[in-house]
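Here are the chains, one letter per residue:
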Amino acid sequence: MDLNPAFLRIIRVAEICKICKENKGIPVSSTFLSIGECMVEMAPTGEGTFSMGFAGDTLNTAWYARKCLPESWQVSYFTGVGHDEISSQMVSFLENSGIETGAIRKVDDRTVGLYMIHLKDDGERSFAYWRSQAAARLMAANPVDLKNAMSGAGLIYFSGITIAILSPEDRKHFFNALQEARSRGARTAFDPNLRPRLWEDEDTMRAVVTEAAGLCDLVMPSFDDELTHFGDETPDISATRYLAAGADMVVVKNGPKNVICATADKRESFQPKPVSNIVDTTAAGDSFNAGFLSEFLVSGDLEASVAAGSRLAGTVIQNRGALVDCFEPA
């Protein structure tokens, strides 16, 4: 069955299931699977103290997706955790948030990573990390666990951080499992989230991120990262580069500026609604991705999806921390 135009590569669950039944005999479930590293977050309260929570780029997106998607969708998370108390608390947090955790890999003699947010006066932030012994680094060490985690997913979402923390061998496991899942009908979405200090070197980062993009139906970069680390002069250049790598659709986020949505045969630009009261930009891109994907999976409407992602991100950055409860769903 012809899936062109490429905007229809990520479509309503019923349509995905129909296509897969006709072409491959294997239905795709209405499951949003997010894969990556969930960490302990120490966030400033504004009173000289810090509050403890759990967050991480792919977890943030899963958490918001659970709030935005219909109840008929299942949201699952795959990572690695230890057997210690803080790992148990993290898994309980995910479950209490309505996120399915059955596939999470438990690793002996490891725990979970931790990061601390430092806010600047303009709402921008910097981070300090403690993650060298994080169990998430070994989440792809067992190909069988990885395959089982991806089995039956309707959408598989991951980021540059997901693959950055893996060993080169485990990245191969991850990409092989991703290709197999796609062959069974799963759609894939990827935020490059370029963080060079997590990589062996910047050349490796650029090469592996480009390889990952070529395995994806949808790539969702942030232009400031692409400008800094790939030297792209405009968001259009970023979109063109990822399309050339093999992505079917690219959605380039650019802060308060226009969002560029591109396929091989179409390119559109959308202006997000301005936000004036910026408090903390943590999870801005993660929440945009959640709002966009949640709307696009249900309606397939590109303009509505950009609006949903922008609206959710705009609300999140007016609050402190990565996970904001008091928001109006996208």
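Residues numbered from 1 in each chain as written. Predicted model: local features only at pLDDT ≥ 70, side-chain atom pairs only at ≥ 80, totals over all residues. Heavy atoms only, no water.

It is worth spelling out the pairing of strand S4 (residues 74-78) at this point. Burial runs high along S4: 4 of the 5 residues are buried. As paired strands, strand S1 (residues 31-35) and S4 are joined by 5 bridges and run parallel to one another. Looking at the pairing, Ser34 lines up with Tyr77 of S4. (Buried < 20%, exposed > 50% of the residue type's maximum accessible area, 1.4 Å probe, protein only. Helix = DSSP H or I, 4+ residues; strand = E, 2+ residues; numbered from the N terminus. Pairing = 2+ DSSP bridges.)

A sheet is described by the order of its strands in space; here 4 strands give the open sequence S3-S2-S7-S8, paired in mixed fashion. With one partner strand each, in any of the chains shown, strand S3 (50-55) and strand S8 (125-130) form the two edges of the open sheet. Ignoring which end each strand starts from, the neighbouring axes of this sheet average 25° apart. With 6 bridges joining them, strand S7 (residues 114-119) and S8 adopt antiparallel strand pairing. Opposite Ile117, over in S8, you have Phe127 as the bridge partner. Against the sheet, helix H3 (residues 85-96) contacts strand S2 (39-44) and S3, and its axis sits at roughly 70° relative to S3. (Axes fitted to C-alpha atoms, helices over the stretch in contact; angles between N-to-C directions. Contact = heavy atoms within 4.5 Å.)

In this section: the packing of aromatic side chains. Per the stated rule, a full pass over the model turns up 12 aromatic pairs. Ring geometry for Tyr115 and Tyr129: centres 5.8 Å apart, planes at 35°, overall tilted. In this pair, Tyr115 sits in strand S7 while Tyr129 sits in strand S8, placing the two residues 14 residues apart along the sequence. Accessibility expressed as a relative area gives 28% for Tyr129, which makes it partly exposed. (Phe/Tyr/Trp six-rings, centres within 6.5 Å; stacked < 30°, edge-to-face > 60°.)

Tallied over the full model, the rule gives 17 salt bridges. In this structure, Asp248 and Arg182 form a salt bridge, with 3.8 Å as the shortest nitrogen-oxygen distance. Of this pair, Asp248 sits in the loop between helix H9 (235-245) and strand S12 (249-252) while Arg182 is found in helix H6 (residues 168-183), placing the two residues 66 residues apart along the sequence. As far as the burial class goes, Asp248 and Arg182 line up, both buried. (Salt bridge = Lys/Arg side-chain N within 4 Å of Asp/Glu carboxyl O.)

Glancing now at the pairing of strand S9 (residues 155-159). Most of S9 is tucked away, with 5 of its 5 residues classed as buried. Where burial is concerned, the two faces of S9 agree: the one with Leu155, Tyr157 and Ser159 and the one with Ile156 and Phe158 are both buried. The sheet contact formed by S1 and S9 spans 3 bridges and is parallel. Its bridge partner being in S9, Ser34 is matched across the sheet by Tyr157. Strand direction decides the pairing type here: S9 and strand S10 (residues 187-191), joined by 5 bridges, are parallel. Pairing of Ser159 across the sheet is with Asp191, part of S10.

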